Amino acid sequence: MSDSSRTPPEVPAQNQHQRSGCATALMAIAGIFMLLPGLCALLFGGMSVVDGGRIPSDIASLVFLGLVIGIGGVVMIWAAIMGRKAPPARNDS
């Protein structure tokens, strides 16, 4: 008598989300490159505010775009560092 309502044993989920060290390094390097437009946006935006007291409308969109790209770089570096976790210790006993 077989019981067809039995479910197969679940596969451990530890190998599904592992990332290679190369992907982590590429994410960190890409994030560092993405920080450069954010730094330029801070520099040019700060110079515009100091010189005229406000950012001109022709440069405001570029400053905003540079800041968004820079924030994306910070997020990418954070994801590269925090997403790489050590595998759990094996307990063979």
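The structure presented is a predicted model; accordingly, all values stated were derived computationally and were not measured.

A. How the structure looks around the overall build of the chain. Scanning the chain from terminus to terminus reveals 2 helices and 0 strands. Residues classed as buried in the chain amount to 13% of the 93 residues present. For the chain, the proportion of contacts with a sequence separation of at least 24, taken over those separated by at least 6, is 79%.

B. Structural view of the packing of helix α1 (residues 21-52) against helix α2 (residues 57-83). Running from N to C, α1 and α2 cross one another at 150 degrees; their axes reach a closest spacing of 7 Å. Judged by the angle between their axes, α1 and α2 are roughly antiparallel. Crossing angle aside, the handedness with which α1 passes α2 is left-handed. When the residues that make up the contact of α1 with α2 are grouped by side-chain class, the tally is 19 nonpolar, 9 polar and no charged.

C. A look at the side chain of S48. In this structure, S48 sits in helix α1. Within the local environment of S48, its side chain forms a polar contact with the backbone oxygen of F44, the two atoms lying 3.0 Å apart. Non-local contacts of S48, meaning those with residues more than four positions away in its chain, are made with G53, R54, I55, P56 and I59.

What counts and what doesn't
Residues numbered from 1 in each chain as written. Predicted model: local features only at pLDDT ≥ 70, side-chain atom pairs only at ≥ 80, totals over all residues. Heavy atoms only, no water. Helix = DSSP H or I, 4+ residues; strand = E, 2+ residues; numbered from the N terminus. Buried < 20%, exposed > 50% of the residue type's maximum accessible area, 1.4 Å probe, protein only. Contact = heavy atoms within 4.5 Å. Axes fitted to C-alpha atoms, helices over the stretch in contact; angles between N-to-C directions. Parallel < 35°, antiparallel > 145°, perpendicular 65-115°, else oblique. Left-handed = near helix turned anticlockwise from the far one by under 90°. Nonpolar A, V, L, I, M, F, W, Y, C, P; charged D, E, K, R; others polar. Polar contact = N/O pair within 3.5 Å; in protein donor to acceptor, adjacent residues only side chain to side chain.

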